[in-house]
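Next come the chains, spelled out residue by residue.
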Amino acid sequence: MLKSNLAKELRQRQYKLGEVPKDIIDSLPDDILIDCYITCPCCQEKQVENPAQLERIIRESQNADDFLERCNAVADAKSKLLNSANEIVKNTGF
C-alpha cells in the first residue's frame, strides 16, 4: 500500500476513537502519524526500527490493520530473540 493511503486509514481510526481533535490529527505529517502508531508511549521504543523494513511493511500491507499486525509480529519476534539471548547468557554465565 502507499504510505499516504496508510496514513489516511490511520487518521480514520483516530477520528473514530475521538480522543484527539480532528485538526490536530490532520496537522500531523504522514511520517509522524505512522511513527506514533509504531512507537511505545512509555519507553519510546519503536516496533520497527529499520527504515527500510518499515517501508517494506507499508508496501506489503493490505490495509491499516494488516500494517499493525505486521509491526506487532516484528516486535514479538524481536522480543523473543532478546529473551532467548538473555536466557543463553544466563545459562552460560557470560
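Here goes a summary of the coordinates provided. Counting of residues starts from 1 at the beginning of each chain's written sequence and follows it residue by residue. Where local features are concerned, this predicted model is filtered to residues with pLDDT of at least 70; where side-chain atom pairs are given and counted, the filter is 80 or more; whole-chain, interface and lining totals use all residues. Side-chain descriptors were evaluated using all non-hydrogen atoms of the structure, hydrogens and water having been removed beforehand.

1. What about the overall build of the protein?
The helix and strand inventory of the protein stands at 5 helices and 0 strands. Put simply, DSSP H or I for four residues or longer makes a helix, DSSP E for two residues or longer makes a strand, and each gets a number counted from the N terminus. Ordered by position in the sequence, the α and β elements of the protein form the string α-α-α-α-α. Only protein chains enter the calculation, and the probe is 1.4 Å; a residue is then buried if its accessible area is under 20% of its type maximum, exposed if over 50%, and partly exposed in between. Here the protein holds 94 residues, and the buried ones make up 26% of them. Whether two residues are in contact is decided by their heavy atoms: any pair within 4.5 Å suffices. Put simply, 52% of the contacts in the protein that link residues at least 6 apart link residues at least 24 apart. Carbon and sulfur atoms form 55% of the exposed surface of the protein, whose accessible area is close to 6500 Å². Surface exposure here means Shrake-Rupley accessible area, sampled with a 1.4 Å probe, where a residue is shielded only by the protein chains that are shown.

2. Section: the pattern of salt bridges
Definition used for salt bridges: Asp or Glu carboxyl oxygen within 4 Å of a side-chain nitrogen of Lys or Arg. In total, this model carries 9 salt bridges according to the counting rule given. Here Lys22 makes a salt bridge to Asp26, at a shortest N to O gap of 2.9 Å. Residue Lys22 and its partner Asp26 are both found in helix H2 (residues 22-27); the two are separated by 4 residues, about one turn of the helix. Judged by its relative accessible area of 49%, Lys22 falls in the partly exposed class. In this structure, Glu60 engages Arg70 in a salt bridge whose closest nitrogen and oxygen atoms are separated by 3.4 Å. Of this pair, Glu60 sits in helix H4 (residues 51-60) while Arg70 sits in helix H5 (residues 64-92), and the two are 10 residues apart along the sequence. Accessibility expressed as a relative area gives 28% for Arg70, which makes it partly exposed. Ionic contacts of the salt-bridge type, sharing partners, join the residues Arg56, Glu60, Asp66 and Arg70 into one network.

3. Comments concerning helix H3 (residues 30-38)
Taken residue by residue, H3 has Leu33, Ile34, Tyr37 and Ile38 as its buried positions. Axial view of H3: buried residues confined to an arc of 135°, hence all on one face. Working note: the arc is built from the helix axis to C-beta atom directions.

4. Quick word on helix H1 (residues 3-17)
What a helix is expected to span follows from its residue count: subtract one and scale by 1.5 Å. Compared with an ideal rise of 1.5 Å per residue, which puts 15 residues at 21 Å, H1 spans 21 Å between its outermost C-alpha atoms and is within 8% of the ideal. Residues of H1 that are buried include every one of Leu6, Ala7, Leu10, Arg11 and Gln14, and no others. Buried residues of H1, seen end-on, are gathered within an arc of 140° and therefore sit on one face of the element. Facing away from the buried side of H1 by more than 90 degrees, the exposed set consists of Lys8 and Lys16. The positive-phi residue at the C-terminal boundary of H1 is Gly18, with phi of around 70°.

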